Amino acid sequence: MNIIYRIVHFFFKLLSRLPFKALYVLSDIIYPLVYYVVGYRKRLVRKHLETSFPEKSKDELRDIERGFYHFLCDYFMETIKLLTITREELLRRVEYRGVEDIEKCFDEGQSCALILGHYCNWEYLIKVGLAFQRHPDAIIGVIYHPLKSEVFDRLFIELREHLCGICVPKNETLRYLVNYRREGKLSLFGYVSDQTPKWNNIHLWLPFLGHDTPVFTNGEKLMKKMNNAIFYVDFYRPRRGYYIIDLQLLTRTPNELEEHAVTKLFFKRLEESIRREPKYYLWTHNRWKRTHEEFDRRFKVVNGKVIPREKNS
């Protein structure tokens, strides 16, 4: 495995040393292969777009579809670039708005949480600490789901931790956050919260892009437990290779809000972002594979826990 990793790592690091212009040329070459030849998950993407935007014409949907696949190729190249990008180049290409609001929270001893979706290039968020003026020692992290491939899991951890940030496996999040608090360290962690939960973790359904959607609620529970100031992360891509990452304060007092209020507000904001520029959302993820009807048929909720129904019930 180490030999395979070294080979893969060498190749991608060599690739990442190319200038952005060259990487985008490669993206332009890969795009027609991914979209027209391979047709990677095209049927699923088309279904998602048609059901999410029934008001749009066929031509409009195809424009979004092609734009999405072209961006997906850009995303891959931009992410690989994170292996070797310099601090100066990254801050020239990414504008982090709202950093001052986070540092104000830090000034008052309050750690923060960022809640975001798979929209635009979310990989650039973990570098937000490079923009801090007064708290360069704050712990910046991202909660992640380890990849099945050990080789690519190690590769993605390295590119995410280059220059700034740490990766924390989702099952160890609470332990890390509690330890930081005990040590008196301020932290800022990002929660990508639009994945599809497993059946036994479904506790809330929300309308999202025209679908009855099961959503994660554990992130909100953690943020409340740690009494974090919570920010929604909005993304803009004004032109190729450049991003604006807008950190928008949702609340500094999460425990004063009703249950699921943060999750509901997050999905409302995320849908607004997606409808603004649909091509930048991750449409290849099978987000609506679990339906409310199947959930009600197979499971029931008892004392807040999801348990299977008896087969003969």
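What you are looking at is a predicted structure, and each value in this text was computed from that prediction instead of being measured.

Asker: Looking at this model, I keep getting lost on the packing of helix 3 (residues 42–52) against helix 4 (residues 58–81). Mind explaining?
Answerer: Geometrically, a packed helix pair is captured by the angle between its two axes and the distance between the axes. It is the contact of helix 3 with helix 4, at a shortest axis distance of 10 Å, that shows an interaxial angle of 130 degrees. In terms of their interaxial angle, helix 3 and helix 4 are classed as oblique. In this structure, helix 3 meets helix 4 at a crossing whose hand is right-handed. Each of Lys42, Val45, Arg46, Leu49 and Glu50 in helix 3 lies in contact with helix 4, whose residues at this interface are Leu61, Arg62, Ile64, Glu65, Phe68 and Tyr69.

Asker: Can you walk me through the packing of aromatic side chains in this structure?
Answerer: Given two aromatic rings, their pairing is described by the distance between the two centres and the angle made by the two planes. Taken as a whole and judged by the stated rule, the model has 27 aromatic pairs. For the pair Phe20 and Tyr24, a centre-to-centre distance of 6.0 Å together with 35 degrees between the ring planes defines the contact as tilted. On the criterion of helical spacing, the pair formed by Phe20 and Tyr24 is a turn pair, its members being four residues apart in helix 2 (residues 20–38). Like Phe20, the residue Tyr24 is buried in the burial classification. Ring geometry for Tyr31 versus Tyr36: centroids 6.1 Å apart, planes at 70 degrees, classification edge-to-face. Since its relative accessible area comes to 12%, Tyr31 is described here as buried. An aromatic cluster is present here, built from Phe53, Phe208, Tyr232, Phe266, Phe267, Tyr281, Trp283 and Trp288 joined pairwise through their rings. Lys42 extends its terminal NZ or CZ atom over the ring of Tyr35, reaching a point 4.0 Å from the ring centre. Directly above the ring of Tyr242 sits Arg93, whose terminal nitrogen or CZ lies 4.7 Å from the centroid.

Asker: Would you take a moment to explain unusual backbone geometry for this structure?
Answerer: If a residue is not glycine, its phi is most likely negative; likewise, a peptide bond is most likely trans. Of note, Asn227 is a non-glycine position whose phi angle comes to about 55 degrees, a positive value. Topologically, Asn227 is positioned in the loop between helix 9 (218–225) and strand 8 (229–239). Phi at His260 is positive, roughly 75 degrees, even though this residue is not glycine. Residue position: His260 is located in the loop between strand 9 (242–251) and helix 10 (261–276). For His260, a relative accessible area of 13% gives the class buried.

Rules of the game
- All chains use their own residue numbering, which begins from 1 and follows the written sequence.
- Selection of residues for local features in this predicted model requires a pLDDT of at least 70, selection of side-chain atom pairs for listing and counting requires 80 or more, and totals for whole chains, interfaces and linings are taken over all residues.
- Water and hydrogen atoms were dropped before computing side-chain values, which therefore reflect all heavy atoms in the structure.
- In this analysis an axis means a line fitted to C-alpha atoms, helices contributing only their contacting stretch, and an angle means the value between N-to-C directions, from 0 to 180 degrees.
- Numbered from the N terminus, helices here are DSSP runs of H or I no shorter than four residues, and strands are runs of E no shorter than two.
- Any angle that is under 35 degrees is reported as roughly parallel, and any over 145 degrees as roughly antiparallel; angles of 65 to 115 degrees are reported as roughly perpendicular and all others as oblique.
- By definition, turning the near helix anticlockwise from the far helix through less than a right angle yields a left-handed crossing, and turning it clockwise yields a right-handed one.
- Every residue pair with non-hydrogen atoms within 4.5 Å of one another is taken to be in contact.
- When two rings of Phe, Tyr or Trp (its six-membered ring) have centres within 6.5 Å they constitute a pair, described as stacked for plane angles under 30 degrees, edge-to-face for angles over 60, and tilted for the intermediate range.
- Each residue gets one of three labels from its accessible area relative to the maximum for its type: buried under 20%, exposed over 50%, partly exposed in between, using a 1.4 Å probe on protein chains only.
- In this scheme, the term charge over a ring applies when either NZ of a lysine or CZ of an arginine sits within 6 Å of the ring centre and within 35 degrees of the ring normal.

Nothing here speaks to function; it is geometry throughout.
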